[in-house]
Amino acid sequence: MMESAGVYGFCGCKARNKLKCDSRREITASETAPSSAYSSPARSLGETGITPLSPSHIVNDTDPNVSEQQTFLVVVAVDFGTTSSGYAYSFTKEPECIHVMRRWEGGDPGVSNQKTPTTILLTPERKFHSFGYAARDFYHDLDPNEAKQWLYLEKFKMKLHTTGDLTMDTDLMAANGKKVKALDIFAYALQYFKEQALKELSDQAGSEFENSDVRWVITVPAIWKQPAKQFMRQAAYQAGLASPENSEQLIIALEPEAASIYCRKLRLHQMIDLSGKATVNGYSGSDTVGAGFAQGDKYVVVDSGGGTVDLTVHQIRLPEGHLKELYKATGGPYGSLGVDYEFEKLLCKIFGEDFIEQFKIKRPAAWVDLMIAFESRKRAAAPDRTNPLNITLPFSFIDYYKKFRGHSVEHALRKSNVDFVKWSSQGMLRMSPDAMNALFKPTIDSIIEHLRDLFQKPEVSTVKFLFLVGGFAEAPLLQQAVQAAFGDKCRIIIPQDVGLTILKGAVLFGLDPAVIKVRRSPLTYGVGVLNRYVEGKHPAEKLLVKDGTRWCTDVFDKFISADQSVALGELVKRSYTPAKPSQLVIVINIYSAEHDDVSFITDPGVKKCGTLRLDLTGTGGTAVPARREIQTLMQFGDTEIKATAIDIATSKSVKVGIDFLNY
């Protein structure tokens, strides 16, 4: 039996789906299409003689399976951040009451510790040892020679954003230079949160709390590509939060969406309004915001965290307060880590890049200490600050530098011509406020520029509020820059517990995942098909002649376009028919692209991201019509996308989640 075979169908698309379709198309499918440029699977097929089927259409009814919600006793949301992480929960019987996790042991001076650092420590045998402050403190106390054997990782979440070809085998590098599987590290971290949360819930309830009682929500940046979102789900399965068979137990929530859900519930006393009393877009400073959202109000959420900045634009729909996404999420790697990189560049300028690189490898724990000292000073930076900021250099930095260079740290500072950083007699780097502000500038400039671009879009021109959330939103320098640039366009508002906004919103999302009713599709999706060849329209190299019929191969049959509005649970249906009635294996390949103007599956940027393989062997007893109808459905509007193929004659069906990691 042939493993792959053609199917094709008729497409009578509604104008709203913006699809240009020829009347006939043949789905071509091969399970071994090369990943770079897809060769035409149809060329190897021996079958032709197919007839078109019913018009395809969009169905706005939701999938009946979606409404069969499991009942959970509690929703636990995990905010897995680049620099810090935490969890919060709410019992479904008391949805208004959100509990933020217990205070963590440890903590740093000048840094609130409602969340814990996203740091993980593995033993020399690569077994999980500790997470957060505990990992950092234990690692710090190790003898320097012993520390080299242990695997310490921090700020590793950014790897999922920056890796173009993310797979299940992607590696991370520990502080000692050794490689570990990223999937294992993410799974260890999630498993740690699972154990902590279940322990806290059991203590509260006075009896053992089972994982099956919990609906988990994990937050990810909206600008992450689909493979990174899928990677997080796989890590959660490995950690035992949910399983592929019970995937509904885990929701992947988008960070700015979670923040948005929380912001729309805010009351006036729960936020800081940077705008003073000026009337902007018809609002005066005395109006309530949370209680005063009017029908159709538009607002921007700027989620600025450690690694990324995410921007979303939402519109409120009353009376339920449902949200509609007006413009697809945008952003970039402009988190507070950018300030750390600038500090590192400054150190390289003063002490030499060769020394800094060596110091990080030879004294990894001391490097961590130095960055902790910088972190608390970074948080003290403010636009109106006049007194200098002192950063303690670890003793081993001073000692190792003298061994490495043969002269003192003080000598290096005098020689470096960096005049706004001085050496203090107490063994500290003394930075002028201007020097510290200069470290923030590139990152803040990127955020402001990105926001300026966003405000040019017609959908964003009448925005009434801008909510500044996320850990980096606590920085007075960022607050001032946003207020100065956009205070005349809308009201700039900061929730009081700004660092916990996403966490609390993610819990609300887990309690009611249907709160966001309309999203924008981040990608264009379609399938590979064969159309009638039209001279002058189709390229000559795509011509395939079969039994006297001229076909154009590799055509991208679009299901939905990038940035198209999609209602929650919206289904797009297509009907196809097998290449010959006796054919018993139907394979349909699904492709995605970041842009909208896609004609062929071989176009640059088109990636295969799913295969529907419908095996109809063993259905011989059923009366099958001469033209067997295979219905293909794609369900959009959730943070993940599902596809289904159904053989109408036998009701046999196959489901697949769109897969970005294994193709």
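Before reading further, recall that the structure is shown in the block above.
A brief report on the enclosed structure follows. Along every chain, residues carry numbers that run from 1 in the direction the sequence is written. With the structure being a predicted model, the display of local features is reserved for residues of pLDDT at least 70 and the display and counting of side-chain atom pairs for 80 or more, all residues being used for whole-chain, interface and lining totals. To obtain the side-chain values, all non-hydrogen atoms of the structure were used and water was disregarded.

1. Observations regarding the pattern of salt bridges
Working step 1: What makes a salt bridge here is a side-chain nitrogen of Lys or Arg within 4 Å of a carboxyl oxygen of Asp or Glu, nothing more. Counting across every chain of the model gives 25 salt bridges.
Working step 2: Asp 354 is paired through a salt bridge with Arg 405; the nearest N and O atoms lie 2.7 Å apart. Remark: Arg 405 occurs in helix α11 (residues 395-405) and Asp 354 occurs in helix α9 (residues 353-362); sequence separation between them is 51 residues.
Working step 3: In this scheme, a residue with accessible area under 20% of its type's maximum is buried, one over 50% is exposed, and one in between is partly exposed, where area comes from a 1.4 Å probe on protein chains only. Given the relative accessible area of 41%, Asp 354 is considered partly exposed.
Working step 4: Residue Arg 405 is classed as partly exposed on the basis of its relative accessible area, which comes to 29%.
Working step 5: In this structure, Asp 596 engages Lys 558 in a salt bridge whose closest nitrogen and oxygen atoms are separated by 3.1 Å. In this pair, Asp 596 is assigned in the loop between β30 (585-593) and β31 (607-615) and Lys 558 in strand β27 (residues 549-560), connecting sequence segments 38 residues apart.
Working step 6: By relative accessible area, which is 13% here, Lys 558 ends up buried.
Working step 7: The network of salt bridges with shared partners includes Lys 155, Asp 340, Glu 375, Lys 378, Arg 379 and Glu 474. The secondary structure listing takes helices from DSSP runs of H or I that are at least 4 residues long and strands from runs of E that are at least 2 residues long, numbered from the N terminus.

2. A word on the nonpolar core
Working step 1: Counting 146 residues, the largest nonpolar core has Phe 186, Val 300, Phe 351, Leu 451, Leu 466 and Phe 467 as its most contacted members.
Working step 2: Here the element with the most residues in this core is helix α5 (residues 182-205); it accounts for twelve residues.
Working step 3: Contacts are assigned to residue pairs with any non-hydrogen atoms lying within 4.5 Å of each other. Beyond its immediate sequence surroundings of up to four residues, Val 300 is in contact with Thr 312, Val 313, Leu 451, Leu 454, Phe 455, Val 460, Val 463, Phe 465, Leu 466 and Phe 467.
Working step 4: Among the nonpolar cores identified, the runner-up in size contains 29 residues, and Cys 552, Phe 559, Ile 588 and Leu 616 belong to it. Nonpolar cores were defined as sets of buried Ala, Val, Leu, Ile, Met, Phe, Trp, Tyr and Cys residues, with membership established by side-chain atoms within 4.5 Å.

3. Quick look at the sheet that holds strand β10 (residues 151-154)
Working step 1: We treat two strands as partners when DSSP finds at least two bridges between them. Strand order in the open sheet formed by three strands is β9-β8-β10, with antiparallel pairing between adjacent strands. A strand with exactly one partner marks an edge of an open sheet, and here the two such strands are β9 (128-131) and β10. Between one strand axis and the next, the sheet turns through 20 degrees on average, direction left out of account.
Working step 2: With three bridges connecting them, strand β8 (residues 119-122) and β9 associate as antiparallel partners. The residue bridging Leu 121 from the neighbouring strand is Ser 130, located in β9. Here the axes come from fitting lines to C-alpha atoms, over the contacting stretch only for helices, and the angles between their N-to-C directions go from 0 to 180 degrees.

4. Details of the packing of aromatic side chains
The way to describe two aromatic rings as a pair is by their centre distance and the angle between their planes.
Working step 1: Between rings of Phe, Tyr and Trp, where Trp is taken as its six-membered ring, a pair exists when centres lie within 6.5 Å; planes separated by under 30 degrees are stacked, by over 60 edge-to-face, and by other angles tilted. As enumerated under the stated definition, the model contains 29 aromatic pairs in all.
Working step 2: Centroid distance Phe 440 to Phe 472: 6.2 Å. Interplanar angle 20 degrees. Geometry classified as stacked. With Phe 440 in helix α13 (residues 433-456) and Phe 472 in the loop between β22 (465-469) and α14 (476-486), this residue pair connects regions lying 32 residues apart in the sequence.
Working step 3: Judged by relative accessible area, which is 2%, Phe 440 ranks as buried.
Working step 4: In textbook terms, an aromatic cluster arises when at least three aromatic residues are bridged by ring pairs, as seen for Phe 351, Phe 355, Phe 359, Phe 397, Tyr 400, Tyr 401 and Phe 404.
Working step 5: Its end group placed over the ring of Phe 559, Arg 574 keeps NZ or CZ at 4.6 Å from the ring centre. A ring has a charge above it when a Lys NZ or an Arg CZ is no more than 6 Å from the ring centre and no more than 35 degrees off the ring normal.

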